[in-house]
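Chain by chain, the residues run as shown.
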Amino acid sequence: MGKYRKAMTTDGFVRAMALDSTDIVERAREIHTLSPVCSAALGRTLTAASMMGIELKGEEASLTLQFSGDGPAGGIVCVSDSEGNVRGYIGNPQVDLPLNSAGKLDVAKVVGRGTMSVIKDLGLKEPYIGRAPIVSGEIAEDVTNYFATSEQIPTVCALGVLVDRDYTIKAAGGYLIQLMPGFDESVIDRVEGGVFTARSISEMISLGFTPEEVLREVLPGFELEFLEEGEREYRCTCSEERITKALISLGREELKKLAEGEEKIEVGCQFCEKKYVFTADEILRLVEKS
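Residues numbered from 1 in each chain as written. Predicted model: local features only at pLDDT ≥ 70, side-chain atom pairs only at ≥ 80, totals over all residues. Heavy atoms only, no water.

Caption draft 1: Layout of the overall build of the protein chain. In terms of regular secondary structure, the protein chain is built from 10 helices and 12 strands. For the protein chain, the C-alpha radius of gyration of 21 Å lies close to 19 Å, the compact-globule estimate for 290 residues. Its C-alpha atoms give the protein chain principal-axis dimensions of roughly 70 × 45 × 30 Å. Burial analysis of the protein chain (290 residues in total) assigns 48% to the buried set. Across the protein chain, every contact between residues at least 6 apart in sequence was considered, and the portion connecting residues at least 24 apart equals 63%. For the protein chain, the exposed area adds up to about 14300 Å²; of that, 48% sits on carbon and sulfur atoms. Charged side chains in the protein chain number 32 positive and 47 negative. The centres of these two groups are separated by 3 Å. (Helix = DSSP H or I, 4+ residues; strand = E, 2+ residues; numbered from the N terminus. Rg over C-alpha atoms; globule rule 2.2 N^0.38 Å. Buried < 20%, exposed > 50% of the residue type's maximum accessible area, 1.4 Å probe, protein only. Contact = heavy atoms within 4.5 Å. Areas by Shrake-Rupley, 256 points an atom, 1.4 Å probe, with all protein chains shown as cover. Lys, Arg positive; Asp, Glu negative; His and termini not counted. Charge placed at Lys NZ, Arg CZ, Asp CG, Glu CD.)

Caption draft 2: Spatial organisation of the packing of aromatic side chains. Inspection of the entire model under this criterion finds 2 aromatic pairs. A centroid spacing of 5.2 Å and a plane angle of 65° characterise the contact between Tyr89 and Phe271, whose relative ring orientation is edge-to-face. Residue Tyr89 is located in strand β5 (residues 86-90), and its partner Phe271 is located in the loop between β11 (264-268) and β12 (275-279); the two are separated by 182 residues in the primary sequence. Taken as a pair, Tyr89 and Phe271 share a single burial class, namely buried. Consider the rings of Tyr146 and Phe147, whose centres lie 5.5 Å apart with planes at 65°: the pair is edge-to-face. What makes Phe147 buried here is its relative accessible area of 7%. The side chain of Arg87 reaches across the aromatic face of Phe271, ending 5.1 Å from its centre. (Phe/Tyr/Trp six-rings, centres within 6.5 Å; stacked < 30°, edge-to-face > 60°. Lys NZ or Arg CZ within 6 Å of the ring centre and 35° of its normal.)

Caption draft 3: Representation of the sheet that holds strand β2 (residues 14-20) within the structure. Spatially, β8-β9-β2-β1-β10 is the arrangement adopted by the 5 strands of the open sheet, whose pairing is antiparallel. In this open sheet, the two strands that pair with only one neighbour each are β8 (155-163) and β10 (224-232). Across the sheet, the axes of successive neighbouring strands diverge by a mean angle of 10°, strand direction being ignored. Note: β8 against strand β9 (residues 169-179), 9 bridges, orientation antiparallel. Its bridge partner lying in β9, Ala158 is registered against Tyr175. (Pairing = 2+ DSSP bridges. Axes fitted to C-alpha atoms, helices over the stretch in contact; angles between N-to-C directions.)

Caption draft 4: Up close: helix α4 (residues 140-150). Within the sequence span of α4, burial applies to Ala140, Asp142, Val143, Asn145, Tyr146 and Phe147. Contact partners of the buried residues in α4: α2 (36-54), β3 (62-69), β6 (114-121), β7 (128-133), β8 and β9. Of the residues flanking the end of α4, it is Gln152, one or two places downstream, whose phi is positive at about 55°.

Caption draft 5: Region of the structure containing the sheet that holds β6. The strand order across the open sheet built from 5 strands is β5-β4-β3-β6-β7, with neighbouring strands paired in antiparallel fashion. The open sheet is flanked by β5 and β7, the only strands paired with a single partner. Adjacent strand axes in the sheet meet at a mean angle of 10° when their direction is disregarded. Judged from the 5 bridges that link them, strand β4 (residues 76-81) and β5 form a sheet pairing that is antiparallel. Looking across to β5, one finds that Ser80 is bridged to Val86.

Caption draft 6: A look at the side chain of His32. Position of His32 among the secondary structure elements: in helix α1 (residues 22-32). A distance of 2.8 Å separates a polar side-chain atom of His32 from the backbone oxygen of Gly88. Non-local contacts of His32, meaning those with residues more than four positions away in its chain, are made with Leu42, Gly88, Tyr89, Pro93, Gln94, Tyr234, Gln270, Phe271 and Glu273. (Polar contact = N/O pair within 3.5 Å; in protein donor to acceptor, adjacent residues only side chain to side chain.)

Caption draft 7: Expanded view of the pattern of salt bridges. If you walk through the whole model with that rule in mind, you get 12 salt bridges. Measuring nitrogen to oxygen at the nearest pair gives 3.7 Å for the salt bridge that ties Arg5 to Glu229. Separated by 224 residues along the polypeptide, Arg5 in strand β1 (residues 2-9) and Glu229 in strand β10 bring together distant segments of the chain. On the accessibility criterion, Glu229 (55% relative accessible area) is exposed. A salt bridge links Glu151 to Lys120, with the shortest nitrogen-to-oxygen separation between them at 2.9 Å. One end of the pair, Glu151, is in the loop between α4 and β8; the other, Lys120, is in strand β6, with 31 residues separating them in the sequence. Each member of the pair, Glu151 together with Lys120, is buried. Residues joined in a network through salt bridges with shared partners are Arg5, Glu212, Arg216 and Glu229. (Salt bridge = Lys/Arg side-chain N within 4 Å of Asp/Glu carboxyl O.)

This is the structure:
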């Protein structure tokens, strides 16, 4: 289970959240058989989506974080509920690349440049959709830029995934630090100083830091009031009923084409790789329903 903790500085100028997402990212790696660089790319996005989802209001609300880049990953989609339980997939999960010039997994290159989208379904008539250009492909920098340009919230986002020699996930996590209205330049300087001197998030998680300890590490110049904490997981919500509704939405003609010449039709869930099998007769009955 992923573990998170939220905090607010006692002066009310900074709110923060940290998440240990090691188990979440390892589950994604197992489901999608991810290459190391794809584990890093999808893992960072899952971590960001979970933290952003936790901030949603309303039990039925959900958030989709999508990266549509021109890199060989082929796009990343992650969906979080309002509790931070998250699921996701990457277009080409086995693609691999050489390490970058710094000797690290080349997430920026595998993602490429394009558009980052945030879709918030808050139960209203229309979902909120925010978009921003992918400025680096490193995910954390792109999330930081999104908050600054689309939601006008000064934000520091850090994300990290440490892949072990056997390709399992040794550590994964992230934190979000956001400035509240009324802050002054001294608050910015103190936040930047703490983040600059702190160890990387993946190093902290690999050393056994709890989310609370992560927040103390990155905000040493502040007195913190610790708030909500909890556990979250990789959770897919697919079901035969949902898949059936998706098939019906294709329309009569497409369903007829599916049923022609096929005894069985297999439909897979992109988030958990579960397979649902329908006979041609079952598809034809869906034609009647549509």
